[in-house]
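One-letter residues, chain by chain:
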Amino acid sequence: MSAIKVLVVEDEIVVSMLIEDLLSELGYDVLEASSTYEMAINSLDNDKPDIALLDIELASEKTGIDVAQYIVEHIHIPFIFLTSKADPRTVNRVKQLNPPAYLVKPFTQEALYASIELALFNFKPLNNPEEERQNVIIKDSFFVKGTNRFHKVKLSEILFAKSDHVYVQVYTNDGKCHLIRSSMNSFIEDLPINFFRVHRSYTVNLDHLKAINSTCLFINDHEIPIGANYRSLVMQQINVK
């Protein structure tokens with residue numbers, strides 16, 4: 001399971017190092033901090049963070065608010081403002097971007113942790129902003145709601161999913177099974193084309209397909225049944241000769 005990647009955009013080196021230490025202790029994957037707008041944009045485009053922590057005042061003409069605007073328009077990940085300012089003018093400037101959290105310095109590790117987890121929990125993908133989800137898909141990863149935090153699973157690590165009444169069991173190549181409260185129909189809506197439904201109860205990641213016969217697919221050590229109504233579509237999808 002991959003740790004959640006966090007980008008810190010902060011121009012004060014001492015503060016940046018403190019935040020990085022707090023995040024590392026919490027188990028997050030902390031990217032190299034950015035102190036300017038330009039550095040932040042470069043990291044957003046190339047390092048692909050899962051969430052960004054943005055100081056408002058930066059060592060550049062453009063501010064953390066400009067970084068947030070870029071995220072809203074181009075990146076579509078959750079972000080949190082970190083600032084020493086809580087005056088009405090500053091708050092009015094940032095609330096137009098609807099940030100999921102606004103932390104005033106100094107803040108505790110507990111407050112930082114709670115803000116990140118709530119930001120991930122409340123993040124709504126653009127293609128279905130009204131749907132309440134217990135899992136969040138951001139770019140190439142799958143965020144599964146655990147007991148007290150979201151856990152990141154890369155889509156490439158998912159072997160298959162199995163429907164179980166009102167839940168979906170998601171099996172990954174590290175031998176784990178993640179339980180999500182969802183229908184299979186809702187679950188597969190956001191998945192890329194390499195995920196293919198092969199049975200009323202099963203969706204598989206074809207990138208992990210090892211073998212196939214007339215009734216089953218073999219995903220690593222798992223034998224997945226092919227539903228009668230799905231057989232012809234499966235054969236077309238994998239281009240059986």
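An account of the accompanying structure is given in this report.

So, how was this worked out
Residue numbers run consecutively from 1 along every chain, following the written order of its sequence. Note on the predicted model: pLDDT of at least 70 is required for a residue's local features to be given, and 80 or more for side-chain atom pairs to be given and counted; whole-chain, interface and lining totals, by contrast, use all residues. In computing side-chain properties, one takes all heavy atoms of the structure into account and sets aside hydrogens as well as water. Strands are runs of DSSP state E lasting at least 2 residues, helices are runs of H or I lasting at least 4, and numbering of each runs from the N terminus. Relative accessibility decides the category of a residue: with a 1.4 Å probe and only protein chains considered, values under 20% of the type maximum give buried, values over 50% give exposed, and everything between is partly exposed. For this analysis, residues touch if any pair of their heavy atoms sits within 4.5 Å. Residue exposure ignores everything except the shown protein chains as possible cover, and the areas themselves are Shrake-Rupley values with a 1.4 Å probe. Take the buried residues of types Ala, Val, Leu, Ile, Met, Phe, Trp, Tyr and Cys, join any two whose side-chain atoms come within 4.5 Å, and each joined set is a nonpolar core. Strands qualify as paired when DSSP identifies two bridges or more between them. All axes here are fitted lines through C-alpha atoms, helices being fitted over the stretch that makes contact, and every angle between N-to-C directions spans 0 to 180 degrees.

With respect to the overall build of the chain
Of the regular secondary structure elements, the chain holds seven helices and 16 strands. Taking all 241 residues of the chain together, the buried fraction comes to 47%. Counting only contacts in the chain whose residues sit at least 6 apart along the sequence, the fraction spanning at least 24 positions is 52%. As displayed, the chain offers around 12,400 Å² of accessible surface, 49% of which is attributable to carbon and sulfur atoms.

Notes on the nonpolar core
Formed by 23 residues in total, the largest nonpolar core has its most connected members in Ile19, Leu23, Tyr28, Leu53, Ile80, Leu112 and Ile116. Taken together, the elements giving at least two residues each to this core come down to strand 1 (5–9), helix 1 (13–25), strand 3 (51–55), strand 4 (79–83) and helix 5 (109–122). With residues near it in sequence (within four places) discarded, Tyr28 still touches Ala3, Ile4, Val6, Leu23, Tyr113, Ile116, Glu117 and Arg149. Within the second largest apolar cluster, 22 residues are counted, among which are Leu44, Ile71, Phe79 and Val94.

Thoughts on the sheet that holds strand 10 (residues 167–172)
Taken in spatial order, the five strands of this open sheet run 11-10-9-13-12, and their pairing is antiparallel. Two strands close off the open sheet at either side, each with one partner strand: strand 11 (177–181) and strand 12 (195–199). Looking at each pair of strands side by side, their axes are set apart by 20° on average, direction ignored. Looking at chain direction, strand 9 (residues 158–164) and strand 13 (residues 202–205) are connected through three bridges and run antiparallel. Considered in strand 13, the bridge of Lys162 is made with Tyr202.

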